[in-house]
Amino acid sequence: MTDELTRLSASDDPATLRAWNEAIRLGFHMSRGSDEGFQRWLADAKADDATLWAVPDPDNPAGMPVGTLEGFDKAINAGRAEIAARLITDVTVRPTHRRRGLLRRMMTADLAETHSRGIPVAALTVTEATIYGRFGFGVSTRGHRIEVDTAERFGLLSAPGSGRCQLVAPADAIDAVNEVFGRFHAATRGSVTWPAFYQDMMSGAWDDDAGSADKKTWYVLHRDTHDEVDGFAAYRIGERGDGPRPVEVLTMVATTPAGHLGLWEYLASIDLTGVVKYHNAPLDDPLPWAMRDSRGYRVIGEGDRLWTRVLDPIACLQARPWRGDGTIVVAVDDPMGFAAGQYRIEVSGEAAEVTAVDTAAEVTIPVDVLAGLWLGGADVPRMVAAGRLTGAAEATDRLAAMMDLAIPPYGITFF
Ligand SMILES: CC(C)(COP(=O)(O)OP(=O)(O)OC[C@H]1O[C@@H](n2cnc3c(N)ncnc32)[C@H](O)[C@@H]1OP(=O)(O)O)[C@@H](O)C(=O)NCCC(=O)NCCS
């Protein structure tokens, strides 16, 4: 049986789009949606100029589709330059229609279209790590899930620095939040620009899980000595279990070290709470080094965050910073063909010139491995040891000296 694939946009018939929206809510185990939730989702899909792929239900073509995939264009900071990126989300296939190639058809259609438009990379975040490698995606950024004890044990060794904290409701924070995120994004390799839904979410106008305005989130802003906001944290106070209530940080970023420590001082000082939980601390978080009792900082999980799929190795590799001068020819192995080929990389002064060539490659890199190396979240020796990258030792050592970066990539965008 052939499943039909249709390509919708946010200006299509509202009833069809409502059914599409209900299908993703079903796929992600959410309640049925409300009219207001649908209108907000539709406005976001319009603002993002989203493509909505659908496989209609053969038993009910006007109802919820059995397969969905959404794609829209944003940008990734690759370290030297920001490049266009196709963000892929809302991937669902109904349990009754699994494992007959629906995901493969939708994903192939979107990647092929994205590649032909000249967008150099696609990106997604995943629920399972085993699904997307076959489509050329690999892990590009990772994050730490942390718990920080903030009862008697908490204290900073370094002076918290200058500045002050201000507690505000989300609607009063949104302008400063956008400004701080803009500065963070411009300075951070691995950061992705925010999809449209972030405005409703960050301003508290809409909480998709609650199906109403956000009534739980608070923001703390950190202001420097000139009263400029240089960091923020969005948080909720969790339920009391056996111990004290937790502070659950939803997102947090600071553009100065004083802002970072100042926000933590505030979070640790909230009365009637004893632990701060955050799902996305950076791997190189300076906080444990600033704490009097560093064991009060517990990494309780490390996991993948952003996955990418290189479609144009030349554009991607030229947009990243490089470490050491040198020249190497690499082959990119891409079973889907988009990125396949041999490329000469000539690095001088942290910038690379990358050219497609016919000469024999010294190192072979599978395209999903390139996703890890590209943004600097993985390093060459580890990929060699994992058996994922092949070449003579001299060549892989040379690539490592050229490519491996000291600071891991990081991002706070989830979609
Ligand atoms: C994940 C999901 C979209 C897969 O859809 P599907 O139509 O069954 O996938 P396909 O039939 O196109 O399978 C494509 C390939 O992926 C593999 N695959 C699919 N789902 C997989 C999974 N969960 N784990 C491992 N492999 C998986 C298939 O075996 C197939 O492999 P092959 O091409 O090498 O034979 C579907 O199971 C789903 O909707 N899950 C719930 C929602 C979800 O997890 N969405 C992902 C959000 S990131």
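The structure displayed is predicted, hence computed values, not measured ones.

Turning our attention to the overall build of the chain. Helix and strand content of the chain: 11 helices and 19 strands. Since a compact globule built from 415 residues should have a radius of gyration of about 22 Å, the 23 Å found for the chain is in line with a globular shape. Based on the C-alpha atoms only, the size of the chain along its principal axes is roughly 60 × 60 × 40 Å. Looking at the 415 residues of the chain, the share that counts as buried comes to 43%.

So, about the sheet that holds strand β2 (residues 51–55). Strand order in the open sheet formed by seven strands is β1-β2-β3-β4-β5-β14-β6, and the pairing between neighbours is mixed. Strands at the two margins of the open sheet, each flanked by one partner only, are β1 (6–9) and β6 (138–139).

On to the pairing of strand β4 (residues 82–93). Where a strand is regular, its side chains alternate between the two sheet faces. Where strand β3 (residues 67–77) lies against β4, 10 bridges are found, and the strand directions are antiparallel. Its bridge partner being in β4, Asn77 is matched across the sheet by Glu82. Connecting β3 to the antiparallel partner β4 that follows it, the hairpin turn spans four residues, and Gly79 within it adopts a positive phi of roughly 110°. Pairing geometry for β4 and strand β5 (residues 121–124), over three bridges, is parallel. Within β5, the position partnered with Ala85 by the bridge is Val121. The parallel pair β4 and β5, bridged by helix α3 (residues 102–116), forms a crossover whose chirality is right-handed.

Below, the discussion takes up the nonpolar core. Core analysis: the largest hydrophobic core is formed by 70 residues, its most contacted members being Ala123, Val310 and Leu370. In terms of residue count, helix α9 (residues 367–374) provides more of this core than any other element does, six residues in total. The two domains that each donate at least three residues to this core are domain 1 (6–119) and domain 3 (312–403). Sequence-distant contacts of Val310, defined by excluding residues within four places in its chain, comprise Val121, Cys316, Ala339, Val367, Leu370, Ala371 and Trp374. One finds Tyr219, Leu267, Tyr278 and Ala290 within the second-largest nonpolar core, a separate group that totals 38 residues.

Before going further, it helps to spend a moment on the domain arrangement of the chain. Domain boundaries assigned for the chain yield domain 1 (6–119), domain 2 (143–304) and domain 3 (312–403). The centre of domain 1, based on its C-alpha atoms, is set 31 Å off from the matching centre of domain 2. With 16 residues of domain 1 at the interface, the matching set in domain 2 holds 15 residues. For the side of domain 1 that touches domain 2, the secondary-structure elements that each account for two or more residues are α2 (35–47), β3 and β4. For the side of domain 1 that touches domain 2, the leading source of residues is β3, giving five residues.

On the basis of which strands lie adjacent, the open sheet formed by seven strands has the order β8-β9-β10-β11-β12-β7-β13 and mixed pairing. In this open sheet, the two strands that pair with only one neighbour each are β8 (164–168) and β13 (297–304). Strand-to-strand, the axes of this sheet are offset by a mean angle of 25°, without reference to chain direction. Inspection of the sheet shows strand β7 (residues 142–149) paired to β13 by seven bridges, in the antiparallel sense. Counted as the bridge partner of Ile146 is Val299 from β13. Contacting β8, β9 (218–223), β10 (229–237), β11 (245–254) and β12 (273–281), helix α6 (residues 257–268) crosses the sheet at an angle of about 25° to β10.

Non-glycine residue Asp90 carries a positive phi angle of around 50°. Along the chain, Asp90 falls in strand β4.

Once that is clear, we can look at the site of the ligand. The local shell around the ligand holds 17 residues, among which Val93, Arg98, Leu102, Leu103 and Arg104 are the closest. The set of elements that each furnish at least two residues to the shell around the ligand consists of β4 and α3. Taken together, the residues of the shell around the ligand break down into six nonpolar, five polar and six charged.

Bringing α9 into the picture now. Within α9, eight of the eight residues are buried, which leaves it mostly tucked inside the rest of the structure. Every buried residue of α9 is accounted for by Val367, Asp368, Val369, Leu370, Ala371, Gly372, Leu373 and Trp374. Of the residues one or two after α9, Gly376 is the one with positive phi, at around 85°.

Glancing now at the environment of His185. Within the secondary structure layout, His185 lies in helix α4 (residues 170–187). Assessed through the 21 C-beta atoms surrounding it within 10 Å, His185 is described here as buried. Along the chain, His185 and Met402 lie 217 residues apart, while their C-alpha atoms are 25 Å from each other.

Since the α-helix packs 3.6 residues into each turn, any two residues three or four apart lie on the same face. A rise of 1.5 Å per residue sets the reference length of α4, with its 18 residues, at 26 Å; its end C-alpha atoms lie 24 Å apart and thus fit the reference within 8%. The largest bend in α4 is about 35°, located at Ala176. When we look at burial in α4, the residues that qualify are Pro170, Ala173, Ala176, Val177, Val180, Phe181 and His185. Of the surrounding elements, those touching the buried residues of α4 are β3, β8, α5 (197–202), β9, β10 and β11.

Topologically, Arg388 is positioned in the loop between α10 (380–385) and β19 (390–391). Each C-alpha atom, one on Arg388 and one on Val367, is 10 Å from the other, the two residues being 21 residues apart in sequence. Those residues within four positions of Arg388 in sequence are excluded, and the remaining contacts are Pro366, Val369 and Met383.

Moving on, we come to the pairing of β3. The buried count for β3 comes to eight of 11 residues, which makes it a mostly enclosed element. Pairing analysis gives five bridges linking β2 to β3, with the strands arranged antiparallel. Residue pairing across strands places Trp53 opposite Leu69, the latter belonging to β3.

Basis of the calculations
- Residues numbered from 1 in each chain as written.
- Predicted model: local features only at pLDDT ≥ 70, side-chain atom pairs only at ≥ 80, totals over all residues.
- Helix = DSSP H or I, 4+ residues; strand = E, 2+ residues; numbered from the N terminus.
- Rg over C-alpha atoms; globule rule 2.2 N^0.38 Å.
- Buried ≥ 20, exposed ≤ 12 C-beta atoms within 10 Å, placed from the backbone.
- Pairing = 2+ DSSP bridges.
- Right-handed = clockwise from strand over helix to strand, strands pointing away.
- Core = buried A, V, L, I, M, F, W, Y, C linked by C-beta atoms within 7 Å.
- Domains from an automatic or database assignment.
- Contact = placed C-beta atoms within 7 Å.
- Axes fitted to C-alpha atoms, helices over the stretch in contact; angles between N-to-C directions.
- Near = placed C-beta within 6 Å.
- Nonpolar A, V, L, I, M, F, W, Y, C, P; charged D, E, K, R; others polar.
- Expected span 1.5 Å × (residues − 1).
- Bend = angle between axes of the 7 residues up to and from the residue.

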